[in-house]
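Listed here are the chains, written in short residue letters.
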Amino acid sequence: MKQETEKLIDFIYHSPSPFHAVESVSQMLTAAGFEELCLRERWQLKQGAKYFTRRNGSAIIAFTVGDSPAASGARIVVAHTDSPTFRLKPDALVTSYGMPKLNVETYGGAILHTWMDRPLGIAGRVAVRSSDPLHPRKLLVDFHRPVCVIPSVAIHFNRGVNENLSLNKQIDMPPLVGMNGAVLSSTSLMDMIAAEAGVADSADILDYDLNLYDTERGNIVGLDESLVLCPRLDDLQMVYAAVRALIDTDTPSVTKVVALFDNEEVGSNTKQGAASPLLVNVLERLAENLGLDAQDRQRMLYNSFLISADSAHALHPNHPELHDPVLHPVLNGGPVIKVNASQKYMTDGDSGAVFAAICEKAGVPYQRFVNRSDMAGGSTLGNILTSQIDIRGVDIGAPLLGMHSARETGGVADTTYTRQALEAFFAE
């Protein structure tokens, strides 16, 4: 489990943006014999073969083609590639009293103070001029080093900071990138971005999608080395477990799908998000390639099952009062089945029983989570996807402390437990 956690840390370290996460996944899939398909081209699928396709560079769907998907359906796992962060605005470099800063916009529900006084890098992608205006070249960018910091205010200027901290996203969160505002400018910033992307002339960069990230690697911590402290565990821990389970499960007769969406942290309402028809379109093309008629395509969906894998909340040791009085998921206690009476999760009695049986078959412990009755919880991929596709499914996730912090805390055992449960699911 410790060895697998080290591999997870490596995966996350090389995935500082959703675009890098998809590139990391594609490299894993290619090494395992998966063939990449282009959404703009015709597909010729073969039974028993393995494929993947990308959307916008930040979402990816991988699948294997089984023998009889109409009769046995598909085994589908979904997760998301994005995490709360700060995105660079256009013309991002501004100056305050001669000090250059980045003009950034908060992405998702970040715990703002956890991003302060940390070494931060810049990563994402740039769109570069090409001969075809409709299809600019897209290149990954990662500075691979700390280039900015969001400085906090000294306690001497804010005596009440430990009692009542309130942060303004526009005033308090712009990161400092140096001290020489006379030298650093928007032009020099673009030149630096171009150099990192391997673009000779920064004027050829027409636009970008760039975010900040914590440059420090994750760590295994604890006197017993039972905890993992790492950025972006939500939801790259589940991304890694799902992809590893897909690669490591050798069941060519089963149609297996892993769909990794972007923009979950901001509602999923994008072309690469779970609210788009992307998954439906891929399943439709798969069915068409296998010659399934309209009735058999419906049979395939109704015989399928979906696991939405997104991080869950663990019992906080200092604040147990924030949790349901009975159900207390803990780190290293195995994947958590998430339940909500208002249907913010897709879990019901039927699908919760399915996942429980899968865990029992795999010899994996599992837990259940519900919010306190007087607290509203968040939603995730499962209920969003049910608006696009009529399918049975369950919401699960590995438990975390400090979800949406710049560095979240998970259990060393839970990546392995989740992977083992997903392998058992794919083997069914």
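Each remark here, short or long, concerns the structure printed above.
Being a predicted model, the structure only gives us computed values, none of them experimental. (Residues numbered from 1 in each chain as written. Predicted model: local features only at pLDDT ≥ 70, side-chain atom pairs only at ≥ 80, totals over all residues. Heavy atoms only, no water.)

A. Layout of empty space enclosed by the protein. This model, assessed by the stated rule, comprises 3 cavities of 30 Å³ or more. Pro16, Ser83, Thr85, Asn211 and Arg232 are the residues nearest the centre of the largest cavity, which is lined by 17 residues in total. Every element with two or more residues in the lining of the largest cavity is listed here: β5 (85-96) and β9 (205-214). For the lining of the largest cavity, the element with the most residues is β9, which contributes 3 residues. (1 Å grid on protein atoms, 1.4 Å probe; cavity = no way out; pocket = protein on both sides within 12 Å on 5 of 7 lines; lining within 4 Å. Points joined across faces, edges and corners; volume = space filled by probe spheres on them. Helix = DSSP H or I, 4+ residues; strand = E, 2+ residues; numbered from the N terminus.)

B. Representation of the sheet that holds strand β17 (residues 392-397) within the structure. Read across the open sheet, the 9 strands follow the order β1-β2-β3-β12-β4-β13-β17-β15-β16; overall the sheet is mixed. Each edge of the open sheet is held by one strand with a lone partner, namely β1 (35-37) and β16 (367-369). Each adjacent strand pair in this sheet contributes to an overall mean axis angle of 25 degrees, direction not counted. Sheet topology places β1 next to strand β2 (residues 50-55); 3 bridges connect them, and they run parallel. Of the residues in β2, the one forming a bridge with Glu35 is Tyr51. Each of β3 (59-64), β4 (74-80), β12 (255-261), β13 (305-309) and β17 is contacted by helix α5 (residues 233-248), which is oriented at about 150 degrees to β4, the strand it contacts most. Taken strand by strand, helix α8 (residues 349-362) contacts β13, β15 (336-338), β16 and β17, and its axis lies near 60 degrees from that of β17. (Pairing = 2+ DSSP bridges. Axes fitted to C-alpha atoms, helices over the stretch in contact; angles between N-to-C directions. Contact = heavy atoms within 4.5 Å.)

C. Looking closely at the nonpolar core. Leu29, Val77, Val243 and Ile307 are the most contacted members of the largest nonpolar core, which has 51 residues in total. Of the residues forming this core, the biggest block, 10 residues, is contributed by α5. Apart from residues lying up to four places away in sequence, Leu29 is in contact with Phe34, Phe52, Ile60, Ala62, Val243, Leu246 and Ile247. By size, the runner-up hydrophobic cluster in this structure holds 33 residues, among which are Ala274, Leu279, Ile384 and Ile389. (Core = buried A, V, L, I, M, F, W, Y, C linked by side-chain atoms within 4.5 Å. Buried < 20%, exposed > 50% of the residue type's maximum accessible area, 1.4 Å probe, protein only.)

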